[in-house]
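Remarks on the overall topology
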Amino acid sequence: MIFLLMFSYRKLCKAMVVFFALCSTGIQASTPSPIAALDLLIAETLIEIGVSPVVVKQLSSLNFWTGNTYISSNMIEVGLPGPNMELLQQVLPSMILLAPWQTNQEARLSSVAPVNVVDNYPYTAEGDVWDRLLSFTYELGELAEQQQQASHLVQETQARLAILREHVAKDCEPLLFIQLLDERHIRVFGDNSFVHAVSQQLGLCNAWKGATNQWGYAQVGVENLFNTEARLVIIRSYNSDGLEEQIARTALWRYLPSVRRGDVIVLPSTFWIAGGLPSALRFAESLVEALETPPEP
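The rules behind the values
Residues numbered from 1 in each chain as written. Predicted model: local features only at pLDDT ≥ 70, side-chain atom pairs only at ≥ 80, totals over all residues. Heavy atoms only, no water. Salt bridge = Lys/Arg side-chain N within 4 Å of Asp/Glu carboxyl O. Helix = DSSP H or I, 4+ residues; strand = E, 2+ residues; numbered from the N terminus. Buried < 20%, exposed > 50% of the residue type's maximum accessible area, 1.4 Å probe, protein only. Disulfide = S-S within 2.5 Å. Axes fitted to C-alpha atoms, helices over the stretch in contact; angles between N-to-C directions. Left-handed = near helix turned anticlockwise from the far one by under 90°. Contact = heavy atoms within 4.5 Å. Pairing = 2+ DSSP bridges. Core = buried A, V, L, I, M, F, W, Y, C linked by side-chain atoms within 4.5 Å.

1. Some remarks on the pattern of salt bridges
A side chain of one charge can pair with a side chain of the opposite charge if their charged atoms are brought near each other. In total, this model carries five salt bridges according to the counting rule given. Across the salt bridge formed by arginine 261 and glutamate 229, the nearest N and O atoms sit 2.8 Å from each other. Here arginine 261, found in helix H10 (residues 257-261), pairs with glutamate 229, found in the loop between strand E9 (217-221) and strand E10 (231-235); they are 32 residues apart in sequence, far enough to count as distant. Given the relative accessible area of 43%, arginine 261 is considered partly exposed. Here glutamate 229 falls in the exposed class, since its relative accessible area comes to 51%. One salt bridge in this structure joins arginine 261 and aspartate 263, with 2.9 Å as the shortest N-O distance.

2. Let's talk about the state of the cysteines
For the structure shown, the criterion picks out one disulfide. There is a disulfide in this structure between cysteine 172 and cysteine 205, and the S-S distance comes to 1.4 Å. Negative torsions about the S-S bond denote left-handed disulfides, and the value of about 100 degrees found for cysteine 172 with cysteine 205 makes this one right-handed. Of the two residues, cysteine 172 is situated in the loop between helix H7 (147-165) and strand E6 (174-180) and cysteine 205 in strand E8 (residues 205-206); the sequence distance between them amounts to 33 residues.

3. So, the packing of helix H8 (residues 194-201) against helix H11 (residues 277-292)
H11 packs onto H8 with a crossing angle of 65 degrees between their chain directions and a minimal axis gap of 10 Å. Remark: the crossing between H8 and H11 carries right-handed chirality. Residues Phe194, Val195, Val198 and Ser199 of H8 touch H11, and the partners they reach there are Ser279, Ala280, Phe283 and Ala284.

4. Topic: unusual backbone geometry
Cis geometry is found at the peptide bond from serine 52 to proline 53, where omega equals -5 degrees. Secondary-structure assignment places proline 53 in the loop between helix H2 (40-48) and strand E2 (54-56). Its identity as a non-glycine residue notwithstanding, asparagine 68 has a phi of 60 degrees, on the positive side. With respect to the element layout, asparagine 68 can be found in the loop between helix H3 (59-65) and strand E3 (75-77). Residue asparagine 68 is classed as partly exposed on the basis of its relative accessible area of 43%. Even without being glycine, glutamate 145 reaches a positive phi, approximately 55 degrees. Summarising the element assignment, glutamate 145 is placed in the loop between helix H6 (129-143) and H7.

5. With respect to the sheet that holds E2
By way of backbone hydrogen bonds, the strands of a sheet pair with one another, either parallel or antiparallel. Strand order in the open sheet formed by five strands is E3-E2-E1-E4-E5, with parallel pairing between adjacent strands. Both edges of this open sheet fall to E3 and strand E5 (115-117), since each of them pairs with a single strand only. On average, each strand axis in the sheet is tilted by 25 degrees relative to the strand beside it, whichever way the strands run. Sheet analysis places strand E1 (residues 35-37) next to strand E4 (residues 95-98), joined by three bridges and oriented parallel. Paired with alanine 37 across the strands is leucine 97, a residue of E4.

6. Comments concerning the nonpolar core
Judged by nonpolar contacts, the single largest core of 58 residues is most densely connected at Ile42, Leu46, Trp130, Leu202 and Phe283. Ranked by residue count, the leading element in this core is H11, at eight residues. Beyond its immediate sequence surroundings of up to four residues, isoleucine 42 is in contact with Ala37, Leu97, Leu98, Ala99, Val118, Tyr121, Phe136 and Leu140. Judged by nonpolar contacts, the second largest core, of 20 residues, contains Ile247, Leu252, Leu256 and Val259.

Set out below in structure tokens:
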């Protein structure tokens, strides 16, 4: 009898956790079926084309890398490393969208809802990243039956980037786009990266010509930048603890011409470094604003 009571109590506790998780997202019986997007790039694009609610893995990470842009959007968190299968079953999404690098979860998740792997995911194949970003947006529009909204997002992004391009100097000043891992190691972004694709739309030049991984970056020591004459653009990291503001006082970093000149740019974490068109616009706007701001003496 005690065992049965304890078992029932544990089931009740689980049910209450699910209930309060659903209530906290504002889901009601009349709410349209959500779409689950367990990849940040897919999630931000779905939100931007009007899908609501969207099921995501971790709200805090999404909010950080989108600068809290979607903090008032209708999202349901199902946890990391997740998803929480019991909560996902209670949510009952109409479909689950996966990036190609998540296909190992397909069999397990297909017991909850139909699973689609997004074919035009921009960071898993060769070819122009910008063209693939556009194809990816159109594909999500078709999958979510939001074709008109997806087309509008593409047109709006291209129009805004064209305006921003007019604010950029025409001499194509070389830029080095990096993220700090610690005081001596960085990620540097190359020609198959998100930041390169967007900077090209602005008429800017990426100075890094070295090899990169499928996400478009290489992890190297800072000494690998010493012979590259370019302005440094630091993208703030999730756990950098203010390193970006400290490098100017570090002897090793003084070997970089940009640090010696004092014209280093630090960009906020308002965009995902492997993002979609929404992140592209936030990145472009913050970069152009920084380029137009004179360096502090």
